[in-house]
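For reference, the chains in residue letters:
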Amino acid sequence: MAVSSLLAKGQGSLMRDAHDWDKVAALERQLVRGEELELTPEVSELLRRVARDVVVPDAEVHRALMTRSGSVELVREVRRRIREGSQRLMRAISESNRLVESGDMPGARQCLEDVLAVEVVPLYRQHAEAELSHLE
């Protein structure tokens, strides 16, 4: 397989994941506007996929999807994990970069290690690990 095909295939997966996260964000905006969550099979599958991406236990997802109120709470929990993980990672990367510029490599590493100690979302962990590996 050509390198461009491999890259496109990999980007397709990333794009699908990002698109799924955007769809859950749209569901959250719908809820904020006071609209009902329509629990179609497609919405249920979307929530299962994205909940898996952000490490919500399968049993919790299954329970949540049994009721409308549980599904609403699942949308909120998934979005919370995405939002808080993203903010935590961006703060750590910014602080790490600032510390690198000031010559404090141990401090820069510690910022990223602190994120890895608490982060559960695999995508954000991968980013923090990549940043950490660039410091070594």
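Residues numbered from 1 in each chain as written. Predicted model: local features only at pLDDT ≥ 70, side-chain atom pairs only at ≥ 80, totals over all residues. Heavy atoms only, no water.

1. Concerning the nonpolar core
One finds Leu-47, Leu-74 and Val-78 to be the most contacted residues of the largest nonpolar core, which totals 34 residues. Of all the secondary structure elements, the ones that give two or more residues to this core are helix H1 (3–32), helix H2 (41–53), helix H3 (58–64), helix H4 (68–101), helix H5 (105–118) and helix H6 (122–135). Here Leu-74 is in contact with Leu-47, Ala-51, Val-56, Val-61, Ala-64 and Leu-65, once residues within four sequence places are set aside. (Core = buried A, V, L, I, M, F, W, Y, C linked by side-chain atoms within 4.5 Å. Buried < 20%, exposed > 50% of the residue type's maximum accessible area, 1.4 Å probe, protein only. Helix = DSSP H or I, 4+ residues; strand = E, 2+ residues; numbered from the N terminus. Contact = heavy atoms within 4.5 Å.)

2. Here we look at H6
Since one α-helical turn is 3.6 residues long, residues separated by three or four positions face the same way. Here H6 contains 14 residues, and its C-alpha end-to-end distance of 20 Å stays within 8% of the 20 Å for a straight helix at 1.5 Å per residue. Within H6, burial applies to Tyr-124, Ala-128, Leu-132 and Leu-135. Across the axial projection of H6, the buried residues extend over an arc of 75 degrees, all falling on one side. The exposed residues of H6 that point more than 90 degrees off its buried face are Gln-126 and His-134. (Expected span 1.5 Å × (residues − 1). Arc of directions from axis to C-beta.)

3. Some details on the packing of aromatic side chains
Counting across every chain of the model gives 1 aromatic pair. Ring centres of Trp-21 and Tyr-124 lie 5.9 Å apart, and the angle between their planes is 75 degrees; this geometry places the pair in the edge-to-face category. Residue Trp-21 is located in helix H1, and its partner Tyr-124 is located in helix H6; the two are separated by 103 residues in the primary sequence. In this structure, Trp-21 and Tyr-124 share a single accessibility class: buried. (Phe/Tyr/Trp six-rings, centres within 6.5 Å; stacked < 30°, edge-to-face > 60°.)

4. Thoughts on the pattern of salt bridges
Evaluated as defined, the whole model comprises 14 salt bridges. A salt bridge links Arg-80 to Glu-77, with the shortest nitrogen-to-oxygen separation between them at 2.7 Å. Of this pair, Arg-80 and Glu-77 both sit in helix H4, 3 residues apart, which is roughly one turn of the helix. On the basis of relative accessible area, Arg-80 is assigned to the partly exposed category, the value being 32%. Among the ionic pairs, Glu-95 bridges to Arg-98, the shortest N-O distance being 2.5 Å. With Glu-95 and Arg-98 both in helix H4 and 3 residues apart, the pair spans about one turn of that helix. Via salt bridges that share partners, Asp-20, Glu-45, Arg-48 and Arg-49 belong to a single interconnected network. (Salt bridge = Lys/Arg side-chain N within 4 Å of Asp/Glu carboxyl O.)

5. Points about the environment of Arg-76
Inspection of the secondary structure puts Arg-76 in helix H4. With relative accessibility at 39%, the residue Arg-76 sits in the partly exposed group. Spatially, the C-alpha atom of Arg-76 lies 9.1 Å from that of Ala-25, the residues being 51 residues apart in sequence.

The analysis is restricted to geometry; functional conclusions fall outside its scope.
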